[in-house]
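Listed here are the chains, written in short residue letters.
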4 protein chains.
Amino acid sequence: MTVRVTVWNEYRQERTDPPVTAIYPDGIHAAIADGLRESGDFAVRTATLDEPEHGLTEAVLADTDVLTWWGHVAHDDVTDEVLARVHARVLDGMGLVVLHSGHFSRIFKALMGTSCDLKWREDGRRERLWVVDPSHPLAEGLGESFVLPEEEMYGEHFDIPAPDELVFVSWFEGGEVFRSGCTFRRGRGRIVYFRPGHETHPTYFDANVRRVIANAARWTAGARGSSHTYGNRPPSEPPGAPPA
Amino acid sequence: MTVRVTVWNEYRQERTDPPVTAIYPDGIHAAIADGLRESGDFAVRTATLDEPEHGLTEAVLADTDVLTWWGHVAHDDVTDEVLARVHARVLDGMGLVVLHSGHFSRIFKALMGTSCDLKWREDGRRERLWVVDPSHPLAEGLGESFVLPEEEMYGEHFDIPAPDELVFVSWFEGGEVFRSGCTFRRGRGRIVYFRPGHETHPTYFDANVRRVIANAARWTAGARGSSHTYGNRPPSEPPGAPPA
Amino acid sequence: MTVRVTVWNEYRQERTDPPVTAIYPDGIHAAIADGLRESGDFAVRTATLDEPEHGLTEAVLADTDVLTWWGHVAHDDVTDEVLARVHARVLDGMGLVVLHSGHFSRIFKALMGTSCDLKWREDGRRERLWVVDPSHPLAEGLGESFVLPEEEMYGEHFDIPAPDELVFVSWFEGGEVFRSGCTFRRGRGRIVYFRPGHETHPTYFDANVRRVIANAARWTAGARGSSHTYGNRPPSEPPGAPPA
Amino acid sequence: MTVRVTVWNEYRQERTDPPVTAIYPDGIHAAIADGLRESGDFAVRTATLDEPEHGLTEAVLADTDVLTWWGHVAHDDVTDEVLARVHARVLDGMGLVVLHSGHFSRIFKALMGTSCDLKWREDGRRERLWVVDPSHPLAEGLGESFVLPEEEMYGEHFDIPAPDELVFVSWFEGGEVFRSGCTFRRGRGRIVYFRPGHETHPTYFDANVRRVIANAARWTAGARGSSHTYGNRPPSEPPGAPPA
């Protein structure tokens, strides 16, 4: 089954900040989309903040199985209307893959209910991501750890609800650790948070990172379960028969 | 240690709806507060929607270890400002005990990130609550189940995140089940959702219900852990020494 | 992908107890296997207690993606050797679907670490299973609840570790509830416990029960993740460079 | 309330291996017991492998709220009888704090149901333990991280069930991470696994380590919940009245 992925990106720093442009001349979304297309079973489109309705119209979301989200400096420019629309689609079953600085996005905070705060340091040193749940589909095809030679540090405490599943934990050269791959279910939707991806490093060209994002897209688009109803309902069971 | 509890109540139906007044002439909050006072180790105050700032000023919240919340017909009358204030205090460590129709309160939905929807039926038939985690402090002193002879039904699916701990499951005479006692941690705060308490039934005079609410107040006010910091931080570990 | 399922059954009561023979003349395993074959994407074999090595030779297990387990009166006749072999295969990634009275099997108790005790009553009254996680693959294709018109009752407290995921909760006519559909991960293996299936009722011919067992077989046979190593290991990171 | 703690130790290497004797001349148990006594609200005794019944008679266990467990080279010398006795007491509500190489003890493996395998390296380099759940009682009174200047490394993957709560994650100088503070509930008992404590390092004299062990003893000895019954039971609810 082809999974329809919409890769959403703030797409501001790539247009104004030369070191970012140098790494992602076509935008971070282009690199993420290319990574997904490499794996062959995705129908990928992109959407960005400065498009009308941030590129996330009702029609686009209705045609999206999984939305990936990267934002950083303009979280508050996302309108209430689009926020509510995306939130409703996730609860209705659309997968959501939140990347890196998207931890502070309005949609992630709305789904988590917490501050989503953390420690950070832009030192461009080594990060090593360890798999702590080797049977999870998010880790499929990986080795037991992989290295990003230069990344921004994110450190604990990461103020999120206890994840439903913890798949990756990062080791940083400067002495910190971080829960880097977390899953959450909200409503009928599956959510993945995946940490790497600072805009000044070529992280979204890394083969392992691309594999994890593809795994996340497949997994969050997975089977959708049973039907259900809400609201005022008649009894499920009839009044009992009298005792014999 | 005395736990300081603020019992919050919407307090509208008790003043306008005779069948509700008949059961709770002084308001649902008075019944809940009385139940807590019976157990002796709580300092209890009450606050209601139509007081200034809904009775939840900065000073009151700063002096509150645990907030209990009952609301039903006027959830949307809670202001953005008070909502944000309560939300921040929970993340900072205040306990929160959400009761019955509080499932649709703004504060519970903001903390859960989901619709918090469910099935319901006002048929006043039997509810039996079963303990499914007998070692949990919420269940302390109870038997293996207890009955409320007449209650409103709430039925699954209950659209919440998977609770961190599931303590009670209700059986309803009409054929439904419900996850009636759930715990969640958000930020430094502990949250309990406890189902019973429709306004037309004397549920908050029931000895078992009062025991659970007292248990919940003690548990959500529990030990508060370690200190932590967020934001831009220097390396935790110095650069390594050269190989020997 | 075809999933290779081995349906294991104690197969004693069907041969000696007329009321059981009347319902399952070819054994409970035959009914379960037929249900799986109906859905078309399984390669099904059966194995029973009184075959050599209980039908679970190294070769059979090596050729098995998912093992389903039904036992009741002869749990202790399973040898230490076969127990250890099945346990090792589960930790190595084989799925395991434990059915009904299999809650007291040696393999389930060994994987859970608890007594796995519960309440029961052979009264043949109604059971209604509610979906409490409608997005889970175990519930795929079901409605929000389904009824078994006659079944044995199992009631809480069920002495298991908190399940990783809770998918079904049962309502019983006699007033009890039960966590009827639970998932656990142990090692690389996925485990499902699914409650219904007393030997004197035609439960394994029920379309909804068959659907859940097929869903469980697909899900426990799912993606298998990353590689990993254990034991004495050299440093993952080289000693650091000296400060500049 | 005074918590009655029994500190159990294999106590072999301290008597035969000079580098271990040099650090723990009176045994690891003596250092752990001293740490607990410092905090003043514990009644502490010790027990060791080579005492009759390993020092864990029925009478001792009946008089124990919390058992701490350190073992390393002689796990298999623990008898089936004592193993079964300790297992039963944990399920009945005794707390259990498993330390360091106790991950491979018979009792921990029996309670977990998994291999409990991991990576290790005796390189005596730095370990930094980070708090990932700052609201948990296990972390009470700590800072956001603490350092052990020399320790054995344990690395992921750690083959345990997903812990009910994850409180500490370790960073190791050689590039690994580890889930170092985990909680599990089994039966009525609470279990903590806490990683540090190799026999050639003075870890059990460290103030932070002692604090965590004291926190763990208090928390695993906590409130014990409700009563419950198992086995064949009459209906909880009477047959229903006929429809009106």
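Higher on the page you've got the structure.
A. Representation of the relation of the copies chain D and chain B. Overlay of chain D on chain B (RMSD 0.0 Å): rotation 180 degrees, translation along the axis 0.0 Å. What we have between these two chains is a two-fold relation. Identified as the residue of chain D closest to the rotation axis by C-alpha distance is D164 of chain D, at 4.0 Å. The share of interface residues of chain D whose copies in chain B are also at the interface is 100%, consistent with both copies meeting through the same surface.

B. Seen up close, the interface of chain B and chain A. Taken residue by residue, the interface counts 36 residues in chain B and 36 residues in chain A. Contact between chain B and chain A buries roughly 2800 Å² in total, counting both sides, with carbon and sulfur atoms accounting for 51%. Among the residues of chain B in contact with chain A, K119, W120 and Y230 of chain B are the three that bury the most area, contributing 19% of the side total. At the boundary of chain B with chain A, the tally comes to zero salt bridges. Elements with a minimum of two residues in the side of chain B that touches chain A: α5 (80-91), α6 (106-112), β5 (119-131), β8 (177-186) and β10 (231-232) of chain B. Counting residues per element, the side of chain B that touches chain A draws most heavily on β5 of chain B, at four residues. Class assignment of the residues belonging to the side of chain B that touches chain A gives a composition of twelve nonpolar, 13 polar and eleven charged. Here two bridges tie strand β10 (residues 231-232) of chain A to β5 of chain B, and the two strands are oriented parallel to one another. Bridge pairing in β5 of chain B links G231 of chain A to K119 of chain B.

C. The arrangement of the interface of chain D and chain B in detail. Listed per partner, the contact involves 32 residues of chain D and 32 residues of chain B. Both sides of the chain D and chain B interface together cover about 2600 Å² of buried area, and 43% of this is carbon and sulfur. It is S135, E144 and E237 of chain D in chain D that bury the most area against chain B; as a group they hold 23% of the surface buried on that side. In this assembly, chain D and chain B are joined by ten salt bridges. E165 of chain D serves as the salt-bridge partner of R185 of chain B, at 3.0 Å between the closest nitrogen and oxygen. Counting across the interface, chain D meets chain B through 16 residue pairs in polar contact (both at pLDDT 80 or more). Taken together, the elements giving at least two residues each to the side of chain D that touches chain B come down to β5 (119-131) and β7 (165-172) of chain D.

Parameters and conventions
- Residues numbered from 1 in each chain as written.
- Chains lettered and ligands numbered in written order.
- Predicted model: local features only at pLDDT ≥ 70, side-chain atom pairs only at ≥ 80, totals over all residues.
- Heavy atoms only, no water.
- Least-squares fit on C-alpha atoms with pLDDT ≥ 70 in both.
- Contact = heavy atoms within 4.5 Å.
- Buried area = accessible area lost by both parts, 1.4 Å probe.
- Salt bridge = Lys/Arg side-chain N within 4 Å of Asp/Glu carboxyl O.
- Helix = DSSP H or I, 4+ residues; strand = E, 2+ residues; numbered from the N terminus.
- Nonpolar A, V, L, I, M, F, W, Y, C, P; charged D, E, K, R; others polar.
- Pairing = 2+ DSSP bridges.
- Polar contact = N/O pair within 3.5 Å; in protein donor to acceptor, adjacent residues only side chain to side chain.

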